[in-house]
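Residues per chain are reported as follows:
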Amino acid sequence: MTIPTEPIGSIPRPAYLIEAFGEHAAGRLDADGLGELQEKALLDTVRRLEETGSPVITDGEQGKPSFATYPLAGLTSLAPDGVVIPFADGHTRQLPRLTAGPFRYQTYADSYLREVKKHATRPVKQAVIAASAVSLVYPGEELAGYGRDQFIGDLANEAETDIRRSLDAGADSVQIDFTEGRLSLKLDPSGGLLQSFVDLNNAVLERFSAEERKKIGVHTCPGGDQDSAHSLDVDYAGLLPTLFQLKVGNVYVQLASEAEPERALKVIAEHSRPEQRIFVGVTDPIDPRVETAEEVRDRVLQAAGYISPDRLGTCDDCGFSPFADDTSTSRDTAFAKIAARVEGTRLAAESL
């Protein structure tokens with residue numbers, strides 16, 4: 001038997017690309033100059049991913065400013081003082097705040113997909129940001145002439161378009177990044193905010209056929225930025241039952257960094273739907289130690305005690321360095337962890 005294994009998304013950008021993003025933002029490097037360096041980083045990322053034996057390729061998000069805000073790049077109706085996301089080590093990330101409507105994505109993910117497909121020799125997976133994450137840019141007080149309901153309608157249309165364009169462009173699968181799911185329980189322990197997020201994402205997913213949804217997945221994790229998480233202390237038992245309401249065919253669940261992975265696996269076994277494939281995280285991107293293939297194998301075999309092997313897959317817990325300026329993890333470490341995941345998954349499949 002074989003067990004599918006996939007990357008989540010981001011690969012640390014090379015130093016020259018991180019510097020180029022800063023130079024471009026400062027106006028000292030034009031778009032063509034930035035584009036050349038993005039292409040160079042993309043080619044290297046594809047080559048090195050394929051060298052790990054990964055059966056599925058991503059672009060490593062070399063061209064994205066971040067996994068969360070790519071649709072907003074270039075949007076002028078934004079202010080910088082939006083929702084603040086605190087991480088466990090004390091640093092924060094801040095989303096922009098919408099100042100006027102109508103709301104439209106400025107960039108769709110298929111633009112990244114089309115570039116990587118020029119170079120990849122294997123199937124390509126495309127990550128997109130969840131509508132629920134983008135909804136956080138709308139301010140607490142309603143905007144004059146552009147109410148929240150109107151914004152949500154526009155957002156649902158844009159999120160649908162983002163997914164559909166990637167499917168139409170030949171994505172092997174589309175992964176919705178939903179890191180705000182676990183965070184929502186820290187902001188609202190009652191679960192009301194989480195349920196509203198799931199309802200919004202399902203309103204988008206319901207626009208796709210059952211066959212299309214087999215190729216759409218959702219990724220949950222407690223965040224991973226500068227070797228820190230934002231919601232690892234939130235009990236998975238509060239998130240997972242609601243998460244599995246999402247109308248997707250694949251669910252990518254961070255597990256390697258969980259203190260009690262078996263406890264989470266029991267919840268997954270109870271609440272996941274039979275038609276859903278569960279990709280369990282077997283490598284921890286914010287731990288600098290590279291897992292051995294044997295450790296990965298053992299984590300897969302542990303998961304197989306709760307999830308039928310024909311519904312099981314593996315992944316990294318989160319993307320590596322999901323924000324373009326995150327230098328906490330090296331490219332060499334990321335590719336070594338991915339290679340361990342691929343080999344460990346193969347060993348587990350042989351054992352099973």
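Presented here is a report on the structure given in the accompanying data block. (Residues numbered from 1 in each chain as written. Predicted model: local features only at pLDDT ≥ 70, side-chain atom pairs only at ≥ 80, totals over all residues. Heavy atoms only, no water.)

**Structural notes on the pattern of salt bridges**
- All chains considered together, the criterion is met by 30 salt bridges.
- The closest approach of N and O atoms between Arg 47 and Asp 44, which form a salt bridge, is 2.6 Å. Highlighted residues: Arg 47 and Asp 44, both in helix α2 (residues 31-51), separated by three residues, approximately one helical turn.
- Arg 47 sits in the partly exposed class, given a relative accessible area of 42%.
- The shortest N-O distance in the salt bridge between Arg 47 and Glu 51 comes to 3.0 Å. Taken together, the residues span about one helical turn, with Arg 47 and Glu 51 both in helix α2 at a distance of four residues.
- Residue classification places Glu 51 among the exposed residues on the basis of a relative accessible area of 55%. (Salt bridge = Lys/Arg side-chain N within 4 Å of Asp/Glu carboxyl O. Helix = DSSP H or I, 4+ residues; strand = E, 2+ residues; numbered from the N terminus. Buried < 20%, exposed > 50% of the residue type's maximum accessible area, 1.4 Å probe, protein only.)

**Examining the packing of helix α6 (residues 180-187) against helix α9 (residues 236-243)**
- Contact geometry for α6 and α9: axes closest at 10 Å, N-to-C directions at 125°. With respect to α9, the axis of α6 lies oblique. Where α6 crosses over α9, the handedness of that crossing is right-handed. Between α6, through Gly 181, Arg 182 and Leu 185, and α9, the contact on the second element is made entirely by Tyr 236, Gly 238 and Leu 239.
- Of the residues belonging to the contact of α6 with α9, the class tally is three nonpolar, two polar and one charged. (Axes fitted to C-alpha atoms, helices over the stretch in contact; angles between N-to-C directions. Parallel < 35°, antiparallel > 145°, perpendicular 65-115°, else oblique. Left-handed = near helix turned anticlockwise from the far one by under 90°. Contact = heavy atoms within 4.5 Å. Nonpolar A, V, L, I, M, F, W, Y, C, P; charged D, E, K, R; others polar.)

**So, the environment of Thr 292**
- Residue position: Thr 292 is located in the loop between β10 (277-283) and α11 (293-304).
- We classify Thr 292 as partly exposed; its relative accessible area is 35%.
- Sequence separation of Thr 292 and Gly 63 is 229 residues, and the distance between their C-alpha atoms is 30 Å.

**Structural notes on unusual backbone geometry**
- Note that the residue after Gly 101, namely Pro 102, is joined by a cis bond; omega there is -5°.
- For Gln 226, which is not glycine, the phi torsion reads 55° and is therefore positive.
- Note on placement: Gln 226 falls in the loop between β8 (216-220) and α9.
- Phi at Asp 227 is positive, roughly 60°, even though this residue is not glycine.
- Relative to the assigned elements, Asp 227 resides in the loop between β8 and α9.

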